[in-house]
Amino acid sequence: KANGLLEPITQVKDTILDGRNRLIACIKGGVEPRFEEFSNSGSHVQYIVSKNIIRRHLSITQRAAIGAEMAPLLAIEAKKRQLDNLKVGIESPSAPKDAKVKVGRTREVVAKLVGVSPKSVERAVTVMKKDPALFKQMKEDKISATRAHLQVSEKTRRNSGVRVTKAQRVQRIK
């Protein structure tokens, strides 16, 4: 309350992108909130993640899980961008030149945003799709993305009838 609001609350129209807790604190503390309109022509998802991922003390597994959850959102934005930029009979679509959007394969863009390898994101996506309960454990940092992926892969192989030798299992863990 003594310092007031140090960083303005970022919004798009009436949707808060960054600062919902600051808004609550302002209301509770009787401080006048300041708002700024999101002026970046880039991705809302990328903006939110970039502002918040550095504030949190997350493990690699937790960041990979966040990446897995945000990958579909970025894929939707990318598809929309592609459709918006289509020009009949002219070259293939690309991001607008003034846009501050990271372009590339979704998995690689997500991995860079959350600070993990693309392989970690890929493993997390697989676990998220095949075993939501195990994915929840990943988000809580109770199991690593590699171990969770290994468990899902083993379960899939068992269900498909493919036999794996002990040496192959040991090699996968290394």
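Residues numbered from 1 in each chain as written. Predicted model: local features only at pLDDT ≥ 70, side-chain atom pairs only at ≥ 80, totals over all residues. Heavy atoms only, no water.

J.: Explanation requested: the nonpolar core in the structure shown.
T.: The nonpolar side chains of soluble globular proteins are, as a tendency, buried together. Of all hydrophobic cores here, the largest spans 26 residues; its most connected members are Val 49, Met 70, Leu 74, Val 127, Phe 135 and Met 138. Mapped onto this core, the elements with two or more residues apiece are helix H2 (44–53), helix H3 (60–85), helix H4 (106–114), helix H5 (118–130), helix H6 (132–139) and helix H7 (145–160). Non-local contacts of Phe 135, meaning those with residues more than four positions away in its chain, are made with Ala 65, Ala 68, Glu 69, Ala 124, Val 127 and Met 128. (Core = buried A, V, L, I, M, F, W, Y, C linked by side-chain atoms within 4.5 Å. Buried < 20%, exposed > 50% of the residue type's maximum accessible area, 1.4 Å probe, protein only. Helix = DSSP H or I, 4+ residues; strand = E, 2+ residues; numbered from the N terminus. Contact = heavy atoms within 4.5 Å.)

J.: For this particular structure, what's the right way to read H5?
T.: Residues lying three or four places apart along an α-helix face the same way, a consequence of the helix completing one turn every 3.6 residues. Here H5 is 13 residues long and its end C-alpha atoms lie 18 Å apart, about the 18 Å a rise of 1.5 Å per residue gives. When H5 is considered as a whole, its buried residues turn out to be Ser 120, Val 121, Ala 124, Val 125 and Val 127. One face of H5 carries all of its buried residues, which in axial projection span an arc of 165°. Of the exposed residues in H5, the ones pointing more than 90 degrees away from its buried face are Lys 129 and Lys 130. (Expected span 1.5 Å × (residues − 1). Arc of directions from axis to C-beta.)

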